[in-house]
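Descriptive analysis of the structure
The chain contents come next:
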Amino acid sequence: MSDEIYTASGSPNIALIKYWGRRDDLLNLPNNSSISMTLGDGLTTTTSVMFSDRIKEDAVYINGKRQDYKAANDEKSGFMLKAIEYMREAAKTNARLLAVSKNSFPSDAGLASSASGAATMVYALNEALGLKMQQKELSIVARQISGSACRSIFGGIVKWNKGSRSDGSDSFAEQVVPADYWPDLVDIIAIVSESKKKVSSSEGHKVTVRTSALYRARPPFAEAGVAKVIEAVHEKDFNSLAELIMRDSNDMHATMLDSWPPIIYLNDASKGIIGAIHEINQSHGENMAAYTFDAGPNGHIITLRKYEAEVTERLSKAVGIKSIITSGIGSGPRKSEDCLITKELLAENERQ
Ligand code: DP6
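Residues numbered from 1 in each chain as written. Predicted model: local features only at pLDDT ≥ 70, side-chain atom pairs only at ≥ 80, totals over all residues. Heavy atoms only, no water.

1. Describing the sheet that holds strand β10 (residues 157-160)
By definition, the strands of a sheet pair up through backbone hydrogen bonds, in either a parallel or an antiparallel sense. Reading across from one edge, β2-β5-β10-β11 is the order of the four strands in this open sheet, with antiparallel pairing throughout. Here the strands that pair on one side only, and so sit at the sheet edges, are β2 (13-17) and β11 (173-177). Taken pair by pair, the neighbouring strands of this sheet meet at an average axis angle of 35°, ignoring direction. In this sheet, β11 lies alongside β10 in antiparallel orientation, the contact comprising four bridges. For V158, the partnering residue across the bridge sits in β11 and is Q175. Across the sheet, helix α6 (residues 218-234) touches β2, β5 (34-38), β10 and β11, and the angle it forms with β2 is around 110°. (Pairing = 2+ DSSP bridges. Helix = DSSP H or I, 4+ residues; strand = E, 2+ residues; numbered from the N terminus. Axes fitted to C-alpha atoms, helices over the stretch in contact; angles between N-to-C directions. Contact = heavy atoms within 4.5 Å.)

This is how it looks when you write it as structure tokens:
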């Protein structure tokens, strides 16, 4: 095994039609297909990986902190370990892994840092091991770490097919259009809270499926939404796209509120954003922007470059917005020159 370091950078994605609720919690198999926009500039995860016989044991550092996946003993950690092992076995090597990953944006604030982290890691492992797995296969591996991560394996607008097989082999992501098909799409992220969410999305999926009567209507609604979003994207029909995005976010959050005990990710500032966007759209006569919220209170405002300044200006007057991060549509994971494995870190992790 060569001791070469491979560094990749990747980005989170924002779901336009959401994944909420699974038919299989172990394999992360969703009840409906979903569709997202991969983000880019300003929001990146950089991950450097190296496999070497010189390393004494697997060591993964995320945002400066060494991860103890075995001790954590939770689902996500278990899947990360499984993914590393799966890739290593595929490469028929016993070499140990040293990995360092860093986000350019706050983690655990509903900005899909786990999607970005898992997708970039899987992409980097494939490259470092010379596995030449296709993106479809990488998305299946990433999906098992965190469902929404499978969509971050691709750039542009991405669909995650729910699939129907029980082994998950047909539940993978694929690109609908590349980033340069509609480069004017922008996500203005209004941060209203940076605190960690109280109910993890992993847990939330289960509670909603188990307890919400409203949820029964969600999979067919979302599945139809995916088909309509694909049409609106192909036609670059922003007015229709915006309505589909807002309605889907509202529908998902309605099923969360209908869960028992209720799951409430939106706060007053989020509701202020919803009001502000409807006002902007009404005064414009058609949709200039669409809000969408994942499992957290921060608003993602999807708009077009030509409206970005006006929407940002009007949005910044909404109460409770702490900061704004803007990202264009991104082209997915790629090689990076920004190596994060230092000589010191390597020495620390080498066999004596
Ligand atoms: C609301 O992908 O975080 O962001 O599969 O348990 O890791 P796990 O869940 P996760 O769920 C994301 C849900 C969402 C909507 C979406 O991104 O589609």
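Having seen it, we continue.
2. Considering the site of the ligand
Surrounding the ligand, one finds 17 residues, the nearest of these being Y19, R22, S146, G147 and S148. Here an oxygen atom of the ligand sits 3.1 Å away from a polar atom, N or O, in the side chain of H205. The fraction of the free accessible surface of the ligand (450 Å²) that becomes covered by protein chains is 96%. Per-element accounting of the shell around the ligand gives the leading share, three residues, to helix α5 (residues 201-211). When the residues that make up the shell around the ligand are grouped by side-chain class, the tally is five nonpolar, seven polar and five charged. (Near = heavy atom within 4 Å. Polar contact = N/O pair within 3.5 Å; in protein donor to acceptor, adjacent residues only side chain to side chain. Areas by Shrake-Rupley, 256 points an atom, 1.4 Å probe, with all protein chains shown as cover. Nonpolar A, V, L, I, M, F, W, Y, C, P; charged D, E, K, R; others polar.)

3. Here we look at helix α7 (residues 238-257)
Three or four residues apart is the spacing at which side chains of an α-helix point the same way, because the helix has 3.6 residues per turn. Helix length check: α7, at 20 residues, gives a terminal C-alpha distance of 29 Å against a target of 28 Å (1.5 Å per residue), a fit within 8%. Among the residues of α7, F238, L241, A242, L244, I245, M246, D248, S249, M252, H253, T255 and M256 are the ones counted as buried. (Expected span 1.5 Å × (residues − 1). Buried < 20%, exposed > 50% of the residue type's maximum accessible area, 1.4 Å probe, protein only.)

4. Structural notes on the packing of helix α8 (residues 268-284) against helix α9 (residues 305-315)
Relative orientation and spacing of two packed helices are given, respectively, by the angle between their axes and the distance between those axes. Packing of α8 against α9 leaves a shortest axis separation of 10 Å and a crossing angle of 130°. In terms of axis orientation, α8 runs oblique to α9. Judged by the twist between their axes, the crossing of α8 over α9 is right-handed. Seen from α8, the contacting residues are I273, I277, E279, I280, S283 and H284; seen from α9, they are Y307, V311, R314 and L315. Of the residues that constitute the contact of α8 with α9, the class distribution is six nonpolar, two polar and two charged. (Parallel < 35°, antiparallel > 145°, perpendicular 65-115°, else oblique. Left-handed = near helix turned anticlockwise from the far one by under 90°.)

5. Observations regarding the side chain of N28
Mapped onto the secondary structure, N28 falls in the loop between β3 (22-24) and β4 (29-30). On the accessibility criterion, N28 (4% relative accessible area) is buried. Looking at N28, its side chain comes within polar contact range of the side chain of R22, at 3.1 Å. Among the polar contacts made by the side chain of N28, one reaches the main-chain carbonyl oxygen of R143 at a distance of 2.8 Å. With residues up to four places along the chain from it excluded, the contact list for N28 reads Y19, R22, R143, Q144, I145, S146, G147 and W160.

6. Examining the pairing of strand β13 (residues 289-292)
Burial along β13 is two-sided: A289 and Y291 and A290 and T292, pointing in opposite directions, are all buried. Examined bridge by bridge, β13 and strand β14 (residues 299-304) share four bridges and lie antiparallel to one another. When the bridges of β14 are listed, T292 appears paired with H300. Hairpin connection of β13 to β14: six residues between the antiparallel strands.

7. Focus: the pairing of β2
In terms of residue burial, β2 counts as a mostly covered element, since five of its five residues are buried. Judged from the four bridges that link them, β2 and β5 form a sheet pairing that is antiparallel. When the bridges of β5 are listed, N13 appears paired with T38.

8. A short note on the pattern of salt bridges
Side-chain pairing between opposite charges can occur once the charged atoms of the two side chains come close. In total, this model carries 13 salt bridges according to the counting rule given. For R96, the salt bridge is made with D58, and the minimal N-O distance between the two is 4.0 Å. Placement of the pair is R96 in strand β9 (residues 96-103) and D58 in the loop between β6 (45-52) and β7 (59-62), with a sequence separation of 38 residues. One salt bridge in this structure joins R247 and E243, with 2.9 Å as the shortest N-O distance. Taken as a pair, R247 and E243 lie in helix α7 at a separation of four residues, close to a single helical turn. The exposed category is assigned to R247, whose relative accessible area is 51%. Taken together, the shared-partner salt bridges in this structure form one network comprising D58, E85, R88 and R96. (Salt bridge = Lys/Arg side-chain N within 4 Å of Asp/Glu carboxyl O.)

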